[in-house]
Amino acid sequence: MSEAELRAAPMTLVSSRAERMAMSAGPGANSAVTPPEAAVTSPEATLWRTQRRLSGHLSAVTAVDPGPAPHVLVTGGYDGHVIRWDTATQEIVWAERFADLVNAVAVDPSGSRVAVAVADGFAYVLDLACGMVLERLGPHGDDVNDVSWDPRDANVLAAVCDANDTGVYFWRHGSGDPPTVLEGHKHGVFAVAHSPSGRYLATASEDLTVRVWETSDLRSCQVLPHPGDVETLAWSPDERLLATGCDDGRLRLWSSAGWDVARTMPEAGASVRKVGFSPSGLMAFGASYDGAVRIYDMSAMSLRATVRHALQWERSCALLDDDTLVTGSFGGRAILRTVSDADADAGCAGDDVPAGPASNDEETHSINVLATGQEGRVYAGQDCGAVGVLGSPPSHRLPTLVCALSRLDSRDALIAGDYLGRITIVPDAGEPRLLARSPGGPVNALVALPDGTVVSGGYDGVLRRWTWEGEEAERVTAHHGPVKSLAWCPSSALLVAGSSDNTLSAWEPAGVLTEAARYGAEDLVLVNSVAAAVTRPWVAVASRDRHVRIWNPSGGTLLKFPAVHSKSVKAVAVSPAGDVLASGSYDSTVCLWYVGPAGDLLGWRQLIWHAKPGVSSVQSLAEGFVSAGWDGTAAFWSSQGALLRAHIPARSPQEERYEDPPAGSVGGLR
């Protein structure tokens, strides 16, 4: 592909200068991979030798689906792109971009269309040959999470949505008719799948159930209980088994003969987020948030291989055949691997890839988390693992997505938690040091306590307290779901945790962690972020129900602000004086909230700067606030909503820059 052809492409698909050069050299030029130097414990193996990488998305790949025809693969991403690939040449056939992130893609059984589930509340039907949109279905009441074609009727598409819309929708493509809607789930529905014959439709929900509907009347329903949230399911090709993945780390195989559990596969180290079968049914997989895809031989009901890669994202996986696995990644790529080469590659493992200087290769620009330090310095942790000062070339790359970041100025270091459960000290000078490995999946939250210990919050709902030498001093099961955020509240000397189990908790840290308060209510849906006021006894709370709240754990009071954001609120921060809050949302806006001493709301401003898929992080500064998005941008705001300056990502770190806004720019209007 020539440079002219690249420039003529309808969108930018190449994430670095090095990759542009490799692609211009012809198909396959960037397929060589150097395996990391690391040991492996059988049967876990990273399959590097025949790995191929389909590079094109500008941020994490969230969905993959192969078509029934050979060499067809469709991927969707956080960048809103849907790309059809020719896997034989690794070239893009077409690419389309939507206004919001893509949650799922599904090629129809005929191989002529692809359905796309988008976070804008719509499902789209595209022509698989050229990418043209044929129909938009909706709006739904929340993000569309998944879609499934009826194998008996090529024009019927089922769609399911997030927490604010618990219905199961049946649309008839091309008819213009309103959908048939099934009710029954109590919380968000994350997955939907027709059985191969079309007799059943299965849905998975965070209400701890899977429901199996008879499609003949859409009334008969089997309810399959689980001990945790269920976000994934898949049918075996012969329809005899339904595989489900649960927060408890187990892949369950349910018999369609009596809807009992026929087999539970070996427990993973974290939530199982994707399950599936090969087209023959001889192989199955469970992909979990401990960074592994486990391949099972169904005839022997045994583990065949465990596939790991530093940047793979286990929410998007598929077996193209009995020997070929495709996964999405945080690096903007779909990765193909040959499973049978696991034994040959037994000396290689992505599980122990060391941190080191960041390189331009395999780098997207999505900012996942911010931290602030002395003199107003801002640090960023990215989806691709890059860590460093915002606006400067990344100083180091961690092996995977950076989930949590905290600045310890007293030690001249950052402390980072990542998707694979590592807690790493990243000093201003010198090499990163692995502080600890936290079991139970991604480390979503970190906070340093006044006594010098560090507390981490994990996907298993456990708070772990670490010494600076990396010893686990204490662990407490604080929540039944993942701990999403932690904050230290100096005025009340309490550690506050927010969880996806829809609760908040507060802990006294003296001696051992002792629970001081807990809050949960029916209208509080999945806490994404908590932030403390330095001089006030309350914390700010951001949640998926679109609200910002003020919680006083000492007094037990809670105030709820209006739902100004139109989507889930991802992040929250509090000014040093405690009189202004900032929130960032998946709607890509920032809100500044002006409050009184008790946290009572006086008014707000909504600021527009970032693009989709949303604002990932906000932090307070002496001058106001800084916000960052998965589009790679960062904006600096005064407390009155004036845009002070903006960070603009470029195709290489050397080209990244700050831009000053025009005089008088307020509220994000430029």
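The structure under discussion appears in the preceding block.
Residues numbered from 1 in each chain as written. Predicted model: local features only at pLDDT ≥ 70, side-chain atom pairs only at ≥ 80, totals over all residues. Heavy atoms only, no water.

Trainee: Can you help me understand the packing of aromatic side chains in this one?
Mentor: The geometry of an aromatic ring pair is captured by two quantities: the separation of the ring centres and the angle between the planes. In this structure the tally under the stated criterion is 15 aromatic pairs. Judged by centre distance (6.4 Å) and plane angle (10°), the rings of tyrosine 169 and tryptophan 171 are stacked. In terms of burial, tyrosine 169 and tryptophan 171 fall into one category: buried. Judged by centre distance (5.3 Å) and plane angle (85°), the ring pair of tyrosine 200 and tryptophan 259 falls under edge-to-face. Of the two residues, tyrosine 200 sits in strand β15 (residues 200–205) while tryptophan 259 sits in the loop between β20 (251–255) and β21 (261–264), which places them 59 residues apart along the sequence. Note on accessibility: tyrosine 200 and tryptophan 259 belong to one class, buried. Among the aromatic side chains, those forming a connected cluster through ring pairs are Tyr78, Tyr289, Trp313, Phe330, Tyr419, Tyr459, Tyr586 and Trp630. Directly above the ring of tyrosine 289 sits arginine 273, whose terminal nitrogen or CZ lies 5.3 Å from the centroid. The aromatic ring of tryptophan 468 is capped on one face by arginine 411, whose charged end is 4.1 Å from the ring centroid. (Phe/Tyr/Trp six-rings, centres within 6.5 Å; stacked < 30°, edge-to-face > 60°. Buried < 20%, exposed > 50% of the residue type's maximum accessible area, 1.4 Å probe, protein only. Helix = DSSP H or I, 4+ residues; strand = E, 2+ residues; numbered from the N terminus. Lys NZ or Arg CZ within 6 Å of the ring centre and 35° of its normal.)

Trainee: How do you make sense of empty space enclosed by the protein when you look at a structure like this?
Mentor: A water-sized probe rolled over the atoms picks out the places where empty space is left. A complete count under the given rule lists 2 cavities of 30 Å³ or more for this structure. Estimated volume of the second largest cavity: approximately 50 Å³. As for the second largest cavity, its lining consists of Gly249, Leu251, Pro266, Ala268, Val272, Gly286, Ala287, Ser288, Arg294 and Tyr296. Secondary-structure elements contributing two or more residues to the lining of the second largest cavity are β23 (283–288) and β24 (292–297). Here the lining of the second largest cavity gets 3 residues from one element, more than from any other, and that element is β23. Classifying every residue of the lining of the second largest cavity by side-chain character gives 6 nonpolar, 3 polar and 1 charged. (1 Å grid on protein atoms, 1.4 Å probe; cavity = no way out; pocket = protein on both sides within 12 Å on 5 of 7 lines; lining within 4 Å. Points joined across faces, edges and corners; volume = space filled by probe spheres on them. Nonpolar A, V, L, I, M, F, W, Y, C, P; charged D, E, K, R; others polar.)

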